[in-house]
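The residues making up each chain are set out below.
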Amino acid sequence: MRMQRDGFAEMPDGHVVDEQHGGDGPASPMSALATPTPRPAAVQGSHEGVWLSRYQYHSSSRGESFAGQHFVVVLQHGDRLAVRSLPGSATSSLSLDLTVDGAAVTGTWVEQTDPAGHYRGARYHGAIQLLVEPTGRRMTGKWVGFGKDMDVNTGPWELTFQDASTSKATLDRYNTPPE
């Protein structure tokens, strides 16, 4: 337990730390907040393979809702998932960087739209949180991101497992637009 003396904190061993000059040194209470104790993430099985990514968004310029679909390859290293779209599966490219913690999958997404399409090559990005179903074959959740009119948008996103292989032959088979 630390005792307070005239703006200085006294450590249990009698050492005194000046907390009026920054207060974020190794003995500061703020340093404990800034460096959380790491804990191992709970990872349930492998998520590697080919998945179908499908999300919905509203186009304010067209006044309609649309679905974006890509076949993606998921590579896993510990609790981290790197998700990249197969280039022939859509005219835009998609990437997600995710962290698995039990059934919760959280991270960021980036989409580079088709240069010849409606959004003329615009780059959109945001956050995503998904829950893995007990079968491990489906992840569902929500994305959040900004719109062109300075608004924040959200919508559903799901990943559906297709194949555990990441071989060239498998990737070639899925390198086509989803039906």
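Described in the following lines is the structure provided in the data block. Here the structure is a predicted model, which means the values were calculated and not measured.

On a plain count of helices and strands, the protein chain comes out with 2 helices and 11 strands. From first element to last, N terminus to C terminus, the protein chain shows the α and β order β-β-β-α-β-β-β-β-β-β-β-β-α. In the protein chain, 37% of the contacts between residues at least 6 apart in sequence involve partners at least 24 apart. With the model as given, the accessible surface of the protein chain reaches about 10,900 Å², and the carbon-plus-sulfur share is 56%.

On to the pattern of salt bridges, then. Enumeration over the complete set of coordinates arrives at 5 salt bridges. Here R84 makes a salt bridge to D97, at a shortest N to O gap of 3.0 Å. One end of the pair, R84, is in strand β6 (residues 80–85); the other, D97, is in strand β7 (residues 93–101), with 13 residues separating them in the sequence. A relative accessible area of 32% places D97 in the partly exposed class. Note that D172 is salt-bridged to K168, the shortest N-O span being 2.9 Å. On the criterion of helical spacing, the pair formed by D172 and K168 is a turn pair, its members being 4 residues apart in helix α2 (residues 168–174). Under the relative-accessibility criterion, D172 is labelled partly exposed at 45%. Given the relative accessible area of 62%, K168 is considered exposed. What emerges from the salt-bridge pattern is a single network uniting E133, R138 and E158.

This brings us to unusual backbone geometry. Here R120, not a glycine, exhibits a phi torsion of approximately 50°, which is positive. Examined against the element boundaries, R120 turns out to sit in the loop between β8 (104–112) and β9 (123–132).

It is worth spelling out the sheet that holds β9 at this point. Sheet architecture is closed into a barrel: 8 strands sit in the order β4-β5-β6-β7-β8-β9-β10-β11, paired in antiparallel fashion. Ignoring which end each strand starts from, the neighbouring axes of this sheet average 25° apart. Pairing geometry for β7 and β8, over 9 bridges, is antiparallel. Opposite D97, over in β8, you have T108 as the bridge partner.

When a strand is regular, its side chains alternate between the sheet's two faces. Pairing of β9 with strand β10 (residues 138–146), which is carried by 7 bridges, proceeds in the antiparallel orientation. The residue of β10 that forms the bridge with G126 is G145. Pairing of β10 with strand β11 (residues 152–163) involves 9 bridges; the strand directions are antiparallel. Residue pairing across strands places F146 opposite V152, the latter belonging to β11.

It is worth spelling out the environment of P87 at this point. Examined against the element boundaries, P87 turns out to sit in the loop between β6 and β7. Distance in space between the C-alpha atoms of P87 and N175 is 6.6 Å, their sequence separation being 88 residues.

For the rest of this paragraph, the subject is the side chain of T113. Here T113 shows up in the loop between β8 and β9. A polar atom in the side chain of T113 sits 3.2 Å from the backbone nitrogen of G121. In this structure the side chain of T113 is engaged in a polar contact, spanning 2.7 Å, whose partner is the backbone nitrogen of A122. When near neighbours in sequence (up to four residues on either side) are disregarded, T113 contacts S92, Y119, R120, G121, A122 and Y124.

Conventions and cut-offs
- Residues numbered from 1 in each chain as written.
- Predicted model: local features only at pLDDT ≥ 70, side-chain atom pairs only at ≥ 80, totals over all residues.
- Heavy atoms only, no water.
- Helix = DSSP H or I, 4+ residues; strand = E, 2+ residues; numbered from the N terminus.
- Contact = heavy atoms within 4.5 Å.
- Areas by Shrake-Rupley, 256 points an atom, 1.4 Å probe, with all protein chains shown as cover.
- Salt bridge = Lys/Arg side-chain N within 4 Å of Asp/Glu carboxyl O.
- Buried < 20%, exposed > 50% of the residue type's maximum accessible area, 1.4 Å probe, protein only.
- Pairing = 2+ DSSP bridges.
- Axes fitted to C-alpha atoms, helices over the stretch in contact; angles between N-to-C directions.
- Polar contact = N/O pair within 3.5 Å; in protein donor to acceptor, adjacent residues only side chain to side chain.

Without other data, these values stay purely geometric and don't point to any function.
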